[in-house]
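# Remarks on the overall topology
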Amino acid sequence: MTVPSVVIIGAGVVGAALADELSARGWTDVTVVDQGDVPATGGSSSHAPGLVFQINGSKTMTEMARYTVEKFVELDSFHQVGGLEVATTPKRLAELHRRHGWATAWGIETHLLTPEESAARHSLLDADKVLGGLYIPTDGLAKAVKAVDAQLTRARERGVRVLARHEVLDIRTEGGKVVAVVTDQGEIAADIVVCCAGIWGPRVARMVGMNLPLTPLAHQLAWTGQVPGLAGQTVECSRPILRHQDADLYFRERFDTLGIGYYGHRPMPISADDILSVDEAEVMPSVLTFTPDDFAEAWSDTQELLPSTRSAKVEEGINGLFSFTTDHLPLMGESPEVKGFWVAEAVWVTHSAGVGRAMAEWLVDGHCTTFDLHECDVNRFEPHQVAPDYVRARGCQNYVEVYDIIHPLQPMREPRPLRTSPFHPRQQELCAAFLEASGWERPQWYAANAPLLSGREIPTPGDWAARYWSPIVGAEAQATREGVAMYDMTALKRLEVSGPGAVAFLQRLTTGDVDKSIGSVTYCLLLDHDGGIRSDVTVARLGAQEFQVGANGNLDLDWMERHRPADVFVRDITPGTCCIGVWGPKARDLVQPLTVTDLKALRYFRGARTHIGNVPVTMLRLSYVGELGWEIYTTSDMGLKLWDTLWEAGRDHGVIAAGRGAFTSLRLEKGYRSFGTDMTFEHDPYEAGLGFAVKLDKGDFIGREALLARKESVTRRLTCLLTDEVVMGKEPVYDGERPVGYVTSAAYGYTIGKGIAYAWLPASLADPGQAVQIGYFDRRVDAVVAEEPLFDPAMTRLRG
Ligand SMILES: Cc1cc2nc3c(=O)[nH]c(=O)nc-3n(C[C@H](O)[C@H](O)[C@H](O)COP(=O)(O)OP(=O)(O)OC[C@H]3O[C@@H](n4cnc5c(N)ncnc54)[C@H](O)[C@@H]3O)c2cc1C
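Note that the structure is predicted; figures quoted are calculated from it, not measured. (Residues numbered from 1 in each chain as written. Predicted model: local features only at pLDDT ≥ 70, side-chain atom pairs only at ≥ 80, totals over all residues. Heavy atoms only, no water.)

### Examining the pairing of strand 12 (residues 186-189)
Across four bridges, the pairing between strand 11 (residues 177-183) and strand 12 is antiparallel. Note on strand 12: the bridge partner recorded for alanine 180 is alanine 189. Turn length for the strand 11-strand 12 hairpin, with the two strands adjacent in sequence and antiparallel, is two residues. (Pairing = 2+ DSSP bridges. Helix = DSSP H or I, 4+ residues; strand = E, 2+ residues; numbered from the N terminus.)

### Some details on the packing of helix 2 (residues 59-74) against helix 5 (residues 144-157)
Two elements in contact, helix 2 and helix 5, have axes whose closest approach is 10 Å; the angle formed by their N-to-C orientations is 75°. Viewed along their axes, helix 2 and helix 5 adopt a mutual orientation that is roughly perpendicular. Side by side, helix 2 and helix 5 meet where Lys71, Phe72 and Glu74 of the first sit next to Ala147, Gln151 and Arg154 of the second. Class assignment of the residues belonging to the contact of helix 2 with helix 5 gives a composition of two nonpolar, one polar and three charged. (Axes fitted to C-alpha atoms, helices over the stretch in contact; angles between N-to-C directions. Parallel < 35°, antiparallel > 145°, perpendicular 65-115°, else oblique. Contact = heavy atoms within 4.5 Å. Nonpolar A, V, L, I, M, F, W, Y, C, P; charged D, E, K, R; others polar.)

### Examining the side chain of arginine 673
As for its position among the elements, arginine 673 is in the loop between helix 16 (660-670) and helix 17 (704-711). Judged by its relative accessible area of 8%, arginine 673 is buried. Only 2.7 Å separates the side chain of arginine 673 from the backbone oxygen of glycine 671, close enough to count as a polar contact. At a separation of 2.8 Å, a polar atom in the side chain of arginine 673 contacts the main-chain carbonyl oxygen of alanine 688. Aside from chain neighbours lying at most four places away, what touches arginine 673 is Asp536, Arg667, Asp678, Met679, Ala688, Gly689, Leu690, Leu718, Tyr758 and Glu788. (Buried < 20%, exposed > 50% of the residue type's maximum accessible area, 1.4 Å probe, protein only. Polar contact = N/O pair within 3.5 Å; in protein donor to acceptor, adjacent residues only side chain to side chain.)

### What about the UniProt feature "domain: FAD dependent oxidoreductase" (unreviewed entry) in the protein chain?
Within the UniProt annotation, "domain: FAD dependent oxidoreductase" (unreviewed entry) is assigned to residues 6-362. The distance from the first to the last C-alpha atom of residues 6-362 is 14 Å, and the span holds 26% helix and 29% strand. (UniProt positions renumbered as here; feature names shortened; annotations may be inferred.)

### Considering the environment of leucine 666
Along the chain, the position of leucine 666 falls in helix 16. In contact with leucine 666, other than residues within four places in its own chain, are Ala477, Thr480, Arg481, Tyr487, Tyr624, Val625 and Thr751.

### Here's the deal with the side chain of glutamate 401
Mapping glutamate 401 onto the fold places it in the loop between helix 9 (388-400) and helix 10 (424-429). Here glutamate 401 sits buried without a salt bridge, and the closest side chain of opposite charge, arginine 413, lies 4.4 Å off (N-O distance). Aside from chain neighbours lying at most four places away, what touches glutamate 401 is Ile406, Gln410 and Arg413. (Lys, Arg positive; Asp, Glu negative; His and termini not counted. Salt bridge = Lys/Arg side-chain N within 4 Å of Asp/Glu carboxyl O.)

Set out below in structure tokens:
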């Protein structure tokens, strides 16, 4: 293959990392253009104070940060002084334990400290003000401009061109593909253009008609004069970088002064179009004038925590611009519409080298093997999530919440409600407790089910597991196994795949054999070329050339769009349709009288188009809760009628509406995996326990070749654990004192009467009976590996 010509727009810390990583892989026909001077271009990297705190709830982001640290150390662009996060409230102290758990799960060494130990690490701290700390020895200060310079120097040595003072004015495309970048100094031909333009990203993306969901926000950074406690310090920094998240503050030393960053002020978004040019800007384009009033509280909180600053002064400050997204994660990948236009946007210095590596692997190899990128793909969003109002509102909210303690189930507060299923009015009447999924209002449980609690012993979980929870969740789960329940499954993505080439297309894209009779349903996987799981899907054949695919999200649609030939059509039918799961031993009693279709003859994993009363429906005999029943789909206009018809008929059978809390518990009792939580791009089907969904003998499919090699080398397994206490997910698992893995999903099993946790463990520790421990906040929870599934292994319920 001839090496393509690449233009990288932006010589900030991201563009520089990409140029280095691409050229290291032999792609040297690369041009980096920047409107500013290089290496201090005037972008965000030019004034970033460079604190690198690696711990993140996201495994991928933590791993990208770790790679950045390692690379910057090698480039002599890093002061590895360590990081210290302190707690001044009991809630924060618990959060530090949670963060210690994440760090341990993702393989970063951290230490929990007493107040005295914290003050011993950072002598400016008032030990009386803190309840404890979390120390991360490998954190530190990145020298962003130096790192830009070092990476561009290496790239130049390999043949990369770096053009300063070249402003990109346009991007030329032909036939839906990029061909050139137009600068104020002429045109540069390109097969691939990568937008690393930081806060200018939306402006550059618009040149190819792409709507980049990113908001530039101003962030306050102030510098003190001399701090007495630092007087005489001749090195730039010697103490750990410091975070005081309870007051939205972070600190770094600069010789005998302190830099103070603050997230507690009002959000100050700006449009990418309003950023001044390099020549117009007083200091630099990404620096706005400091607004001292917004900093007043930050300064008093600083003086409270660090007494030595009481006799110092704030001498300078900036309102510096950088990018926020709707979910705190970067934007990476190729435009869905314009081939060859890629973005690497909304990236902190902290993750920059990791992102550079990921992008280079993706471009050169066609996929990234080092990091799981499903959370970062720019094509992950639902259409409403790129609406300008949404992007701005979420960007502002995320700014405010940067250091907040966020529960994994905590729904966004604004803007809501956005998407409601046709059943919403009935759910409101039943006093549903709504959470949010992909914008959909989704019941977690129904307060109207409180009478179900009578005569049941539902154990109350501790700590965090008791939030966004009610004992009604347990009652709904048990009632599903005893009788029949209706679940709103509308939020699940549904794609229609049709056309003359549909069969061949799905045979190539999935691991299953979908070329079966009309009415068949196949559970299978979408794999990447390296054999990693991109999604798990149910493929229902509804016609000779027509399939309905139950998918996980927009990335599945994007993946299909990228691979579909001209004789295949892929349509997202989620918004125009809705779905009720009717499940439980009495499901057939409820539904059979409403349809002429013989439901006994409709076997497990078969589907049919029929009617429920007056409502035209597609029924698929599937169940993620492990009970007899159907996913019943109809168009949105008939949705309410479908609900009412089932509800009315269900009265005689004691039907209830049940929420997502019950669903999750029942799903885990049956051992059904959830993509994105239990398995992601980095896992293959064999280690995830999904080998049964791979038909290696059906002919070629994407990922098959890679799987043949991976099949023989399974060293880790997604493993079922039983616990006495309910945990949350993302906790470390220990074998003695040794961290050996991490939890993915967890819930209480209300049928089996035990806590359930799925976890990635070394294969050598995945045999039933193996005892391990889960690190849950400040304690250890005993767990034992169990045979799965925990409920109805003979499948008598589902096949009955
Ligand atoms: C005050 C402040 C404090 C921060 N603190 C930290 C911190 O402690 N730790 C951390 O990890 N992160 C921090 N950040 C965030 C971090 O600085 C940024 O996320 C990061 O630098 C972004 O890098 P980038 O390469 O994407 O963007 P940039 O550095 O902005 O680079 C983008 C480049 O694109 C160029 N460009 C744009 N449009 C065009 C065009 N049309 N033609 C040619 N060139 C163009 C620009 O000139 C610019 O050089 C901070 C940010 C600010 C503002």
